[in-house]
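One letter stands for each residue in the lines below.
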Amino acid sequence: MKLDIELIKADITKIKADAIVNAANPSLLGGGGVDGAIHRAGGKQILEECIEIRNRQGKCKTGEAVITSAGNLPAKYVIHTVGPVWNGDEKKGSELLANCYKNSLKLAESMNVKIIAIPNISTGIYRFPKELAAEIAVREVGNFQSKIVEKVIFVCFDEENEEIYKRRLKERQ
Ligand code: AR6
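In what follows, the accompanying structure is described. Computed from a predicted model, the values in this text were never measured in an experiment. (Residues numbered from 1 in each chain as written. Predicted model: local features only at pLDDT ≥ 70, side-chain atom pairs only at ≥ 80, totals over all residues. Heavy atoms only, no water.)

**Focus: the side chain of asparagine 161**
With respect to the helices, strands and loops of the structure, asparagine 161 is situated in helix α5 (residues 159-172). By relative accessible area, which is 0% here, asparagine 161 ends up buried. Only 3.2 Å separates the side chain of asparagine 161 from the side chain of threonine 123, close enough to count as a polar contact. Leaving out residues up to four positions away in the same chain, asparagine 161 has contacts with Asn120, Thr123, Lys130 and Cys156. (Helix = DSSP H or I, 4+ residues; strand = E, 2+ residues; numbered from the N terminus. Buried < 20%, exposed > 50% of the residue type's maximum accessible area, 1.4 Å probe, protein only. Polar contact = N/O pair within 3.5 Å; in protein donor to acceptor, adjacent residues only side chain to side chain. Contact = heavy atoms within 4.5 Å.)

**Description of the packing of aromatic side chains**
Tallied over the entire structure, the rule returns two aromatic pairs. When the ring of tryptophan 86 is compared with that of phenylalanine 128, the centres are 4.9 Å apart and the planes differ by 75 degrees; the resulting orientation is edge-to-face. With tryptophan 86 in the loop between β4 (77-82) and α3 (90-110) and phenylalanine 128 in the loop between β5 (115-118) and α4 (130-143), this pair connects stretches of sequence that are 42 residues apart. Overall, phenylalanine 128 belongs to the buried group, its relative accessible area being 2%. (Phe/Tyr/Trp six-rings, centres within 6.5 Å; stacked < 30°, edge-to-face > 60°.)

**Side note on the pattern of salt bridges**
A complete count under the given rule lists eleven salt bridges for this structure. Between glutamate 160 and lysine 130 there is a salt bridge, and its shortest N-O distance comes to 3.1 Å. You can see glutamate 160 sitting in helix α5 and its partner lysine 130 sitting in helix α4, a full 30 residues away along the chain. Within this structure, Lys102, Arg139 and Glu140 form a network of salt bridges that share partners. (Salt bridge = Lys/Arg side-chain N within 4 Å of Asp/Glu carboxyl O.)

**With respect to the site of the ligand**
Inspection of the region around the ligand gives 21 residues, with Asn25, Gly32, Val34, Asp35 and Ile125 positioned closest. Residue aspartate 11 places a side-chain N or O atom 2.9 Å away from a nitrogen atom belonging to the ligand. Asparagine 25 places a side-chain nitrogen or oxygen 2.6 Å from an oxygen atom of the ligand. In the complex, 91% of the free accessible area of the ligand, which totals 700 Å², lies under the protein chains. Placement of the ligand is best described as lying within the largest pocket. If you list the elements that add at least two residues to the shell around the ligand, you get β2 (19-24) and α1 (33-42). No other element matches the four residues that α1 contributes to the shell around the ligand. Residues of the shell around the ligand, tallied by class, amount to nine nonpolar, nine polar and three charged. (Near = heavy atom within 4 Å. Areas by Shrake-Rupley, 256 points an atom, 1.4 Å probe, with all protein chains shown as cover. 1 Å grid on protein atoms, 1.4 Å probe; cavity = no way out; pocket = protein on both sides within 12 Å on 5 of 7 lines; lining within 4 Å. Sits in = over half its atoms within 2 Å of the grid points. Nonpolar A, V, L, I, M, F, W, Y, C, P; charged D, E, K, R; others polar.)

None of this, on its own, says anything about what the molecule does.
So, in structure tokens, the structure goes:
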């Protein structure tokens, strides 16, 4: 089945979904932006699990995703994915960002996640163009079919992304 798509402007750490996605970096040890907010609000449990994952598999490659519990957050899980740093290579960057959405959704499915909230990966500190990032996000979520995952909530934090997503989702209807 195709997924339901919802759009909100919010702080993702406040969302009570089965899983929220984190725009992490390869170290998995936290950082600024949404990553910093998730680790701050979620507490040390998330970092401890990230360290365990690192000890097991090493760093998380760009486009890949790993999962931890959500510590003190209202969500059940955090799916950490590493978006591409924008370097002007549209083809490679788009492929890697698409992989973030594909791999996060696949991992969610494998953990029986029904509702997943996703931020605008790579569009902050990693400087990916917002319009292109939204096009990729909406396309990948639109193409994903699942018997388990029912709903994706796109969580925008800035007004510009919210407007872009509103328009793109309207165009889809
Ligand atoms: N809730 C939802 N979205 C948020 C929040 C929040 N609390 N805070 C920021 N955003 P960014 P990136 C939005 O920079 O570009 C970190 O240091 C923000 O407005 O968080 O993938 C990592 O460790 C933007 O639209 O992630 C990496 O080093 C979106 O989240 C690096 O930043 C992504 O912005 C990753 O950079």
